Amino acid sequence: MPAIDLIAPTAAECYRALVAKDATYEGRFIAAVKTTGIFCRPTCPARKPKPQNVEFFATPKEALLRGYRPCKVCTPLAARDATPPFIQELLELLARQPTVKITDADLRQRGLEPATVRRWFRRQHGITFQAYQRLNRINLAFKKLQSGETVTATAFDSGYESLSGFQDSFKAVFGVAPTRGRQQQVINLTRLETPLGTMLACATEQGICLLEFTDRRMLETELRDLARRLGATIVQSDNPHFAQLRQELAEYFAGRRQAFSVPLHMPGTAFQQAVWQELGRIAYGTTRSYGQQALAVGRPTAVRAVAAANGLNRLAILVPCHRVIGADGQLTGYAGGLWRKKWLLELEQGGQNSAPA
Ligand SMILES: [Zn+2]
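Since the structure is predicted, the reported quantities are computational estimates derived from the model, not experimental observations.

(A) Summary view of the nonpolar core. Membership of the largest hydrophobic core comes to 36 residues, with the highest contact counts inside it found for Leu211, Leu245 and Ile317. Elements represented by at least two residues in this core include exactly β6 (197-203), β7 (208-213), α9 (240-253), α10 (270-279), α11 (290-296), α12 (303-311) and α13 (338-348). Looking at which element gives the most residues to this core, the answer is α9, with 5 residues. Split by domain, this core shows at least three residues from each of two domains, domain 2 (148-247) and domain 3 (253-348).

(B) Examining the confidence of the model for the protein chain more closely. Scored by pLDDT, the protein chain has a mean of 83; 83% of the residues are at 70 or more. A low-confidence stretch, residues 1-5 (pLDDT under 50), is modelled with 3 contacts involving residues beyond four sequence positions or located in other chains. Note that residues 146-163 has pLDDT below 50 and, in this model, 34 contacts with residues that lie over four places away or in other chains.

(C) The arrangement of the state of the cysteines in detail. On inspection of all chains with the given rule, the structure shows 0 disulfides. Free of any disulfide, Cys202 has its nearest cysteine sulfur in Cys209, 5.2 Å distant.

(D) Geometry of the UniProt feature "active site" (unreviewed entry) in the protein chain. Those residues carrying the UniProt feature "active site" (unreviewed entry) are Cys40 and Cys321 in this numbering. Along the chain, Cys40 falls in strand β2 (residues 38-40). The contact partners of Cys40, leaving out residues within four places of it in the chain, are Ile30, Ala31, Cys71, Cys74 and Pro76. Counting through the fold element by element, Cys321 comes out in the loop between α12 and β10 (324-325). Classification of Cys321 as buried rests on a relative accessible area of 13%.

(E) Layout of the UniProt feature "binding site: Zn(2+)" (unreviewed entry) in the protein chain. Here the UniProt-annotated "binding site: Zn(2+)" (unreviewed entry) positions come out as Cys40, Cys44, Cys71 and Cys74. A maximum C-alpha distance of 8.6 Å among these annotated residues, which run over 35 residues, shows that they cluster at one spot. Summarising the element assignment, Cys74 is placed in the loop between β4 (69-70) and α3 (85-96). Apart from the residues lying within four places of it in its own chain, the contact partners of Cys74 are Cys40, Arg41, Cys44 and Pro45.

(F) Structural context of the coordination of the zinc ion. In the first shell of the zinc ion, the protein supplies Cys40 (SG), Cys44 (SG), Cys71 (SG) and Cys74 (SG), at 2.2 to 2.4 Å from the metal. Because the angles between the 4 donor atoms bound to the zinc ion fall within 105 to 122 degrees, the donor set is best described as tetrahedral. Summarised as a motif, the one-chain spacing of the donors to the zinc ion is C-x3-C-x26-C-x2-C. Here Cys44, found in the loop between β2 and β3 (54-57), pairs with Cys71, found in the loop between β4 and α3; they are 27 residues apart in sequence, far enough to count as distant. Judged by relative accessible area, which is 1%, Cys44 ranks as buried.

What counts, and where the lines are drawn
- Residues numbered from 1 in each chain as written.
- Predicted model: local features only at pLDDT ≥ 70, side-chain atom pairs only at ≥ 80, totals over all residues.
- Heavy atoms only, no water.
- Core = buried A, V, L, I, M, F, W, Y, C linked by side-chain atoms within 4.5 Å.
- Buried < 20%, exposed > 50% of the residue type's maximum accessible area, 1.4 Å probe, protein only.
- Helix = DSSP H or I, 4+ residues; strand = E, 2+ residues; numbered from the N terminus.
- Domains from an automatic or database assignment.
- pLDDT = per-residue confidence, 0-100.
- Contact = heavy atoms within 4.5 Å.
- Disulfide = S-S within 2.5 Å.
- UniProt positions renumbered as here; feature names shortened; annotations may be inferred.
- Donors = N, O, S within 2.8 Å, 3.2 Å for Na, K, Ca; no water.
- Tetrahedral: all angles 85-135°; square planar, octahedral: opposite > 155°, others 65-115°.

Right under this line is the structure:
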């Protein structure tokens with residue numbers, strides 16, 4: 001392979017290739033259109049965006065993590081050479097019905113081995129099939145949550161999806177229909193980029209009430225639970241606490257901040273609150289076991305309940321549940337992925353972290 005193929009093309013070069021539908025750029029970039037929230041192959045036959053409305057990524061995974069969904073016309077998730085027919089069918093089904101959840105049981109019912117589907121997605125795109133579906137649903141719902149944008153507004157001019165499809169998706173993610181939300185209390189939502197990937201943050205007037213990686217397991221459940229607890233609707237819009245959060249997170253990731261002062265809003269049971277408060281007392285650069293945590297909250301025999309409450313923490317990093325590890329020093333579970341837990345602990349121990357690939 002000539003060396004030039006290894007060099008990422010510039011945005012200007014990508015745009016020229018996109019306009020020319022240049023097939024030699026297939027596999028070298030993904031074009032994502034900000035106005036529609038859709039990403040395409042370089043050769044997509046659909047209409048072309050203005051340069052200021054398009055951004056380019058190296059892979060479909062990056063576009064998914066940044067909130068985009070695959071184009072139905074050019075199916076950028078299909079492999080360039082040969083996509084197995086069963087994968088093609090699944091991609092088409094999800095394009096038609098983005099809110100449908102295809103479980104392992106559904107796959108078996110279609111005569112497919114879940115492991116085979118999982119392997120294909122992992123090999124082609126570096127994510128699991130379930131993570132792909134989740135990102136797809138969330139991205140569809142979030143695209144339509146732009147501040148001040150009505151449900152029927154501009155985003156639908158693309159003809160890529162129906163209004164009812166959007167409403168289903170919104171309900172699947174947020175638990176309420178979009179039109180009902182107007183009079184309710186509002187939870188503001190934003191996306192932010194970190195060295196460990198894109199995160200979602202939610203805030204009320206009181207403070208930050210959610211901070212999670214977008215590919216976290218159970219993210220939709222968390223969002224629905226939060227909206228229900230606060231009797232509020234989640235709207236993608238600004239909140240005064242976001243600026244402080246961005247600033248403090250940037251300092252944290254640069255190794256220049258050990259504690260956060262941005263206000264937090266943590267609705268939960270008294271027991272959960274006690275567990276979360278205790279997490280906040282684990283000093284930067286140190287770790288505790290679940291047993292030590294149970295002892296610290298005065299419930300030495302309730303190790304499992306303490307671990308469960310840890311897992312329900314909605315404020316990744318800010319409430320440092322990553323500082324709890326197994327009694328044997330093993331990292332144990334982390335909803336954001338063990339590699340992130342390891343990275344955070346190394347950062348806090350003053351280790352040399354490099355940006356993950
Ligand atoms: Zn396309």
